[in-house]
Amino acid sequence: VRIGEGLTGEVAQSGKPIVLENISGDPRLTRSVVRDEGMRAFASVPLKSKDRVLGVLNVISHVQRQISPREIELLEAIGNQIAVAVENARLFEQTAARAEELRTFEERLRALIENAPYAIYVHDLEAKFIDGNKKAEEMTGYSREELIGRSFLEVGLLPEEYIPKAIEALEKNVRGEPVGPDEFELIRKDGSRVSVEIRSIPVERGGKVEIMGIASDITERKRAEEERALLYQEIKDKAERLAVTADLTKIIVSSFNIEEVFEVFAAGVKRLVDFDHASIALAEGDRLRFLAVSSMVETELGRGATIPLEKSVMEWVMENKKVNIERDFARERQFPIDVTFLNEGLRSAIRVPLFSKGEVFGAFNLVSRHPNAYGEREKEILLQVAGQIAVAIENAKLFAQAKQRKEELEVAYHQLVETAAALERGKQELEDAYLKMARTLVLTLEARDPYTRGHSERVVQISRQIAFEMGLSQEEMRNIETAARLHDLGKIGIPDGILLKPSAITPSERVEIQLHPTRAVELLRFLAFLEGTLPVIEHHHERYNGGGYPNSLHGEETPMGARILAVADAYDAMTSARPYRPAMTSERAIEILRQGAGTQWDPDVVEAFLRAFGN
């Protein structure tokens, strides 16, 4: 029954009892109740719990009778007891379901804690362990049984240096403050150490305050951080070394006289490797000469000093081709020079060979007042520095030789310049003569045909302007201009009957005319200075769509100069009179060029022509 429908629905909605002494005529009850079951009197009371209607209690009698208020009160009391029982049953079911949910949740939480990837533990306010997961056992090396009931001090988990920090964290937890993350080291049961990061918070359980901690193993992270720090320091040291080395390079190459810059150079070296005496020594015959010296002590081995090469450290370095390091002259002296150094208050030295073409020719030497001043680090640095010194010395030698050679060559050079100038003049005169001869042939050709007189020079002017519009180089423009002047040279062998024919030419005559670019190239191919011009002449009748001659080249297969010459030649031809037709107007010729752009002529070249001559 829906709430509000029928007598029962009314009681459930209103929360008030309904009593009927005769129900036979009441439309709110179904006829079947009256007819089939024979019911006469009816009472309905709500089942209430805490002013909330949980249901309805219905009482129906076979006898038509009056139901007293006392009976109604009794029914209401019974209804309330039933409501309480229903409510209690519902609460019991909810409590049981909630308890089952809590049990399942606790099991899952315990499983999560037990299998967590970090250590989780609980201790009391005196730091005595109450519980912990498997990761806590793995991290410490102790079983739970060994830890429970004991504090970290009793177990000996913390190194002494971390105990004050741990006590401070515990005091904060006792005050109700969370702590962390803090870094600690733990001493495992086997004595090994592990780096951990710990967070701890106070929690209340069973009316007592306990401390829950979470510890993560950061040993690998700490190791990686230390490695990064070491790497950073190493990179920093190398960067500083490179910067100083770059400065040293600038110093050593700034002059071909090393003696002049050696003091500044030595000061730069001192930033990398400490010393009290520095020198460059060169082997010269049977002597060892000190080329440059920088010393903080009084020494008899100054700049320009020489000693015998035999039995010297230089002889050893030259024979072994490697670095010599002496740790302490006071304990052991390998060479006679060591006595001199010891008397001057010096104790240790490093000598680095200077190489040229695989052979040692000298050494870079550092000497210190301190014993054991030089090792592998210094050796690595000084090998690089020695390489710079060797290159500088070799460059100085080469410079001296080059200077002498330069002086010797200057006289010869002036003679060669005069000779070259004379040859160049002769070459230019010869080239001019060849060009004049070829140009004379073209002019002779044009003189045969009054219709083409001046054609070549007009084509030169048009081609030059197009090339300028297209941004070609000066050399390209010169090649195009020369080609424009000589492009019709091949027509010199074409009979006048064909060349000046006033009517249409035959196919065989067309073939004869189409040979003129190739013939021009054959006439000029022995002139090497026309190398950049010949392709322009040979291909100025090619078509952009491949329909031209002599090689049917497509698009950019044709040289740019030839594509420019093709447009200039066509325009002048169309605007000049011929025996077989009158001259076209400039407007008509331009229209034909526009129509043929992309088929007969390069559209870019036509566009450049129009920019120059279109208006």
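Rules used in this analysis
Residues numbered from 1 in each chain as written. Predicted model: local features only at pLDDT ≥ 70, side-chain atom pairs only at ≥ 80, totals over all residues. Heavy atoms only, no water. Phe/Tyr/Trp six-rings, centres within 6.5 Å; stacked < 30°, edge-to-face > 60°. Lys NZ or Arg CZ within 6 Å of the ring centre and 35° of its normal. Buried < 20%, exposed > 50% of the residue type's maximum accessible area, 1.4 Å probe, protein only. Helix = DSSP H or I, 4+ residues; strand = E, 2+ residues; numbered from the N terminus. Pairing = 2+ DSSP bridges. Axes fitted to C-alpha atoms, helices over the stretch in contact; angles between N-to-C directions. pLDDT = per-residue confidence, 0-100. Polar contact = N/O pair within 3.5 Å; in protein donor to acceptor, adjacent residues only side chain to side chain. Expected span 1.5 Å × (residues − 1). Contact = heavy atoms within 4.5 Å. Core = buried A, V, L, I, M, F, W, Y, C linked by side-chain atoms within 4.5 Å. Salt bridge = Lys/Arg side-chain N within 4 Å of Asp/Glu carboxyl O. Arc of directions from axis to C-beta.

## Things to note about the packing of aromatic side chains
- Overall, the coordinates contain 7 aromatic pairs when judged by the stated rule.
- Each ring, one from Tyr121 and one from Phe129, has its centre 6.0 Å from the other, and the planes form 65°; the classification is edge-to-face.
- Put simply, the rings of Phe262, Phe265 and Phe364 touch in pairs and so form one group of aromatic residues.
- We note Lys270 situated over the ring of Phe275; from NZ or CZ to the ring centre the distance is 4.8 Å.
- The ring of Phe361 has Lys397 sitting right over it, with the charged end atom 4.9 Å from the ring centre.

## So, the pairing of strand 13 (residues 348-356)
- Most of strand 13 is tucked away, with 8 of its 9 residues classed as buried.
- Inspection of the sheet shows strand 13 paired to strand 14 (residues 359-368) by 9 bridges, in the antiparallel sense. Each residue of the ladder has a partner; that of Val352, found in strand 14, is Phe364.

## Focus: the sheet that holds strand 9 (residues 277-284)
- Taken in spatial order, the 6 strands of this open sheet run 11-10-9-14-13-12, and their pairing is antiparallel. At either margin of the open sheet sits one strand with a lone partner, and together these are strand 11 (306-308) and strand 12 (324-326). Shown here is a sheet whose adjacent strand axes are inclined to one another by a mean of 25°, direction ignored.
- Pairing analysis gives 3 bridges linking strand 12 to strand 13, with the strands arranged antiparallel. Note on strand 13: the bridge partner recorded for Glu326 is Ala349.

## Quick look at the confidence of the model for the protein chain
- Residues of the protein chain with pLDDT of at least 70 account for 87%, and the chain-wide mean is 83.
- Per-element averaging of pLDDT across the protein chain places helix 2 (residues 31-35) at the bottom with 46 and strand 12 at the top with 94.

## Regarding the sheet that holds strand 3 (residues 52-61)
- If you walk across this open sheet you meet the 3 strands as 1-2-3, and the pairing is antiparallel. One side of each edge strand has no neighbouring strand; the edge strands of this open sheet are strand 1 (18-20) and strand 3. Taking the axes of each pair of neighbouring strands and ignoring which way they run, one obtains an average angle of 15° across the sheet.
- Of the pairings in the sheet, the one linking strand 1 to strand 2 (residues 41-49) comprises 3 bridges and is antiparallel in character.

## Focus on the side chain of Asn133
- Along the chain, Asn133 turns up in the loop between strand 5 (129-132) and helix 4 (134-140).
- The class for Asn133 is buried, based on a relative accessible area of 0%.
- At a separation of 3.1 Å, a polar atom in the side chain of Asn133 contacts the main-chain carbonyl oxygen of Tyr118.

## Thoughts on helix 13 (residues 455-469)
- Look at helix 13: 21 Å from first C-alpha to last across 15 residues, which is about the 21 Å you get at 1.5 Å a residue.
- Phi turns positive one or two residues past the end of helix 13, at Gly471, with a value near 75°.

## Points about the side chain of Ser294
- Assignment of secondary structure puts Ser294 in strand 10 (residues 287-295).
- Residue class for Ser294 comes out buried when judged on its relative accessible area of 4%.
- Within the local environment of Ser294, its side chain forms a polar contact with the side chain of Glu263, the two groups lying 3.0 Å apart.
- Among all residues touching Ser294, those that are not within four sequence positions of it are Phe262, Glu263, Ala266, Phe275, Asp276, His277 and Ala278.

## Section: the nonpolar core
- Core analysis: the biggest nonpolar cluster contains 38 residues, and Ile466, Leu524, Val567, Leu593, Trp601 and Phe609 have the highest contact counts within it.
- Elements with a contribution of two residues or more to this core: helix 13, helix 14 (474-486), helix 17 (516-524), helix 18 (534-538), helix 19 (560-574), helix 20 (586-596) and helix 21 (603-613).
- Sequence-distant contacts of Phe609, that is, excluding residues within four places in its chain, are made with Ile462, Ile466, Val567, Tyr571, Ile590, Leu593 and Gly614.
- With 33 residues, the next largest nonpolar core counts Phe275, Ala292, Leu366 and Ala390 among its residues.

## Describing the environment of Phe329
- When you line up the elements, Phe329 lands in the loop between strand 12 and helix 11 (336-343).
- Overall, the relative accessible area of 0% leaves Phe329 in the buried class.
- Between the C-alpha atoms of Phe329 and Phe341, which are 12 residues apart in sequence, the distance is 8.1 Å.
- Residues within four places of Phe329 in sequence aside, it is in contact with Asp338, Phe341, Leu342, Leu346, Arg347, Ser348, Ala349, Arg351 and Val367.

## Thoughts on the pattern of salt bridges
- For the structure shown, the criterion picks out 32 salt bridges.
- With a shortest N-O distance of 3.3 Å, Arg193 and Glu161 are connected by a salt bridge. In this pair, Arg193 sits in strand 7 (residues 193-205) while Glu161 sits in the loop between helix 6 (152-155) and helix 7 (163-174), placing the two residues 32 residues apart along the sequence.
- Residue Arg193 is classed as partly exposed on the basis of its relative accessible area, which comes to 46%.
- Relative accessible area serves as the criterion here: at 52%, Glu161 is assigned to the exposed category.
- Glu457 serves as the salt-bridge partner of Arg485, at 3.0 Å between the closest nitrogen and oxygen. Linking Arg485 in helix 14 with Glu457 in helix 13, this pair joins segments that are 28 residues apart in sequence.
- Residue Arg485 is classed as partly exposed on the basis of its relative accessible area, which comes to 27%.

## Observations regarding helix 11
- The complete set of buried residues in helix 11 reads Ile337, Asp338, Thr340 and Phe341. Taken end-on, helix 11 shows its buried residues confined to a sector of 160°, consistent with a single buried face. Away from its buried face, by an angle of more than 90 degrees, helix 11 presents the exposed residues Pro336 and Asn343.
- Structurally, helix 11 contributes buried residues whose contacts are with strand 9, strand 10, strand 11, strand 12, strand 13 and strand 14.
- Gly345 occupies a position one or two residues after helix 11 and carries a positive phi of about 90°.

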